2 protein chains.
Amino acid sequence: MRESTVKDRILDTASRLFYDQGYHVTGINQIIEEADIARASLYNHFPSKTDLLLAYLDRTHIEWFVALDNYLAPFATAREKLIALFDFRIGRQKRLRYKGCHFNKITAETSTDEEVFKRVKMHKERLRQYIRALVKEAGHRGLLEDDVLADTFLLLMEGGIVLGAMFRSSEDAEKAKRIAESLL
Amino acid sequence: MRESTVKDRILDTASRLFYDQGYHVTGINQIIEEADIARASLYNHFPSKTDLLLAYLDRTHIEWFVALDNYLAPFATAREKLIALFDFRIGRQKRLRYKGCHFNKITAETSTDEEVFKRVKMHKERLRQYIRALVKEAGHRGLLEDDVLADTFLLLMEGGIVLGAMFRSSEDAEKAKRIAESLL
DNA sequence: GTCTATAAAATGATAGAC
DNA sequence: GTCTATCATTTTATAGAC
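Quick summary incoming for the structure in this document. It should be emphasised that the depicted structure is a prediction, and the values quoted were computed from it without experimental measurement.

### Re the packing of helix α4 (residues 49–72) of chain A against helix α6 (residues 102–109) of chain A
Angle between the axes and distance between the axes: these two values describe a pair of packed helices.
Residue and element names in this part refer to chain A.
Argument step 1. The N-to-C vectors of α4 and α6 enclose an angle of 155 degrees; their axes lie 11 Å apart at closest approach. Accordingly, the angle class assigned to the pair α4 and α6 is roughly antiparallel. Here the hand of the crossing between α4 and α6 comes out left-handed. Listed contacts from α6 to Leu 53, Tyr 56, Leu 57, Thr 60 and His 61 of α4 are His 102, Phe 103 and Ile 106.
Argument step 2. Classifying every residue of the contact of α4 with α6 gives five nonpolar, three polar and no charged.

Set out below in structure tokens:
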């Protein structure tokens, strides 16, 4: 535990700044200053700023689904879990001050790095499958086919988060939730 | 016409780079080089890089709705226009190589500038009202209330575009269109 | 492994000639 | 209004002492 605290402090600080301010606008200088570590310590643990970015994305992906599993655990049925998934994202949206999805943010900032894209796709594809499994298990009014309904939920959800970032409000995500309920 | 070509070339080049690469990653140096103008000419027309960004957003907003009006003009009914609105965005998405919404991109890169936020909100709010007016005029199956249906369309649309940027595909926007059709 | 000091390049912006 | 030359900072990254 003790010996890894420097590396952790670097990644914690970088993650916070990458998300709050943006990746390109965050300089190595600010990271080492706020993490209170030496310049060369950063490069000892992370060969380049890009490596630090990839580590941030990897950890965010893992933590995201762990947090989701924990959040959904108390709910008994797949139907309840599906609605709770909207609440999960609305809660995060508020806590993170409407800055939106980590993976959307980095996509919007990055044009060429395939390693970044790979991680973004993996994250969203896993969410898509997660929703599909829940819809399949839930059963519903049959208004739409299973996979179409799952896609609808994903579209509504992502739309709600991205509009939330632009309006700095959860209104659209709350609407998305209500619409999802009415389709289930 | 002639005397404004320098200013136009600056804004054209900056717009292209801001969108393709990102705002913060695009330097003044690259803009003046690719626009083939002198450093001080840029600062003569635009007092700062931020002013150039705001000019880019203002022009994009105007051009966006002009292009939309032109695209929808041939369609007779509000119902057709609503579906065509999805096609409009899908067409742009493909032409712009799946880089997503200009206003989402700058939101994801900007954390503090209120002048930027103001323009983003204005753009999306106008789209929201645009859709509402069409839904009101279209009439529909009554599955959802008018404004709820309009919000659903906006959510589906934005979800489709943002997923399109992350997967570099129009699949999700196409799905959004089909779902919208089934709700109309 | 962590540190200080420094390098080489790029950043946004300005001065002053024409 | 456009130009060249230059400014002070800041950028990512490395060298070498401890």
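Don't stop here, the text continues.
### Thoughts on the protein's contact with DNA strand C
Argument step 1. Within the structure, DNA strand C sits among 17 residues, and Ala 40 and His 45 of chain A together with Ile 28, Asn 29 and Arg 39 of chain B are positioned closest to it.
Argument step 2. A breakdown of the atoms of DNA strand C within 4 Å of the protein gives sugar and phosphate a share of 56%.
Argument step 3. Within the backbone of Ala 38 of chain A, a nitrogen or oxygen atom sits 2.7 Å from a phosphate oxygen of DNA strand C.
Argument step 4. Between DNA strand C and the protein, one listed contact pairs a phosphate oxygen with a side-chain N or O atom of Ser 41 of chain A at 3.0 Å.
Argument step 5. Listed by contribution, the elements that provide at least two residues to the surface near DNA strand C are α3 (39–45) of chain A together with α2 (28–35) and α3 (39–45) of chain B.
Argument step 6. With five residues, α3 of chain A is the largest single contributor of residues to the surface near DNA strand C.
Argument step 7. The residue inventory of the surface near DNA strand C, partitioned by class, reads seven nonpolar, seven polar and three charged.

### Concerning the relation of the copies chain B and chain A
Each of the two chain copies can be brought onto the other by rotation about an axis and movement along it.
Argument step 1. Least-squares fitting of chain B to chain A yields an RMSD of 0.0 Å, with the superposition described by an axial translation of 0.0 Å and a rotation of 180 degrees. Taken together, these values place the two copies in the relation of a two-fold axis. In terms of proximity to the rotation axis, the leading residue of chain B is Gly 159 of chain B, whose C-alpha is 1.9 Å off the axis.
Argument step 2. Taken together, the interface assignments show that 100% of the residues at the interface of chain B recur at the interface of chain A, consistent with an identical surface on both copies.

### A look at the protein's contact with DNA strand D
Argument step 1. The environment of DNA strand D is made up of 17 residues, and the closest members are Ile 28 and Arg 39 of chain A together with Ala 38, Ala 40 and His 45 of chain B.
Argument step 2. In the environment of DNA strand D, a phosphate oxygen lies 2.7 Å from a nitrogen or oxygen atom belonging to the backbone of Ile 28 of chain A.
Argument step 3. The side chain of Tyr 43 of chain A places a nitrogen or oxygen atom 3.3 Å from a phosphate oxygen of DNA strand D.
Argument step 4. Those elements giving two or more residues to the surface near DNA strand D turn out to be α2 (28–35) and α3 of chain A together with α3 of chain B.
Argument step 5. Broken down by element, the residue count for the surface near DNA strand D peaks at five residues, all from α3 of chain B.
Argument step 6. When grouped by side-chain class, the residues that make up the surface near DNA strand D number seven nonpolar, seven polar and three charged.

### Examining the environment of Thr 77 of chain B
All names here are of chain B.
Argument step 1. In this structure, Thr 77 sits in the loop between α4 (49–72) and α5 (78–95).
Argument step 2. For Thr 77, a relative accessible area of 38% puts it in the partly exposed group.
Argument step 3. As a C-alpha pair, Thr 77 and Tyr 130 span 53 residues in sequence and 14 Å in three-dimensional space.
Argument step 4. Here Glu 80 takes part through its backbone nitrogen, which lies 3.0 Å from a polar atom of the side chain of Thr 77.

### Quick look at the pattern of salt bridges
Pairing between side chains becomes possible if they bear opposite charge and their charged atoms approach one another.
All names here are of chain A.
Argument step 1. Applying the stated criterion to the full structure yields 37 salt bridges over all chains.
Argument step 2. Between Asp 147 and Lys 136 there is a salt bridge, with its nearest N and O atoms 3.8 Å apart. Placement of the pair is Asp 147 in helix α8 (residues 146–167) and Lys 136 in helix α7 (residues 114–138), with a sequence separation of 11 residues.
Argument step 3. You can call Lys 136 exposed: its relative accessible area is 54%.

Scoring rules and cut-offs
- Residues numbered from 1 in each chain as written.
- Chains lettered and ligands numbered in written order.
- Predicted model: local features only at pLDDT ≥ 70, side-chain atom pairs only at ≥ 80, totals over all residues.
- Heavy atoms only, no water.
- Axes fitted to C-alpha atoms, helices over the stretch in contact; angles between N-to-C directions.
- Helix = DSSP H or I, 4+ residues; strand = E, 2+ residues; numbered from the N terminus.
- Parallel < 35°, antiparallel > 145°, perpendicular 65-115°, else oblique.
- Left-handed = near helix turned anticlockwise from the far one by under 90°.
- Contact = heavy atoms within 4.5 Å.
- Nonpolar A, V, L, I, M, F, W, Y, C, P; charged D, E, K, R; others polar.
- Near = heavy atom within 4 Å.
- Polar contact = N/O pair within 3.5 Å; in protein donor to acceptor, adjacent residues only side chain to side chain.
- Least-squares fit on C-alpha atoms with pLDDT ≥ 70 in both.
- Buried < 20%, exposed > 50% of the residue type's maximum accessible area, 1.4 Å probe, protein only.
- Salt bridge = Lys/Arg side-chain N within 4 Å of Asp/Glu carboxyl O.

By themselves, these observations are geometric and do not establish any function.
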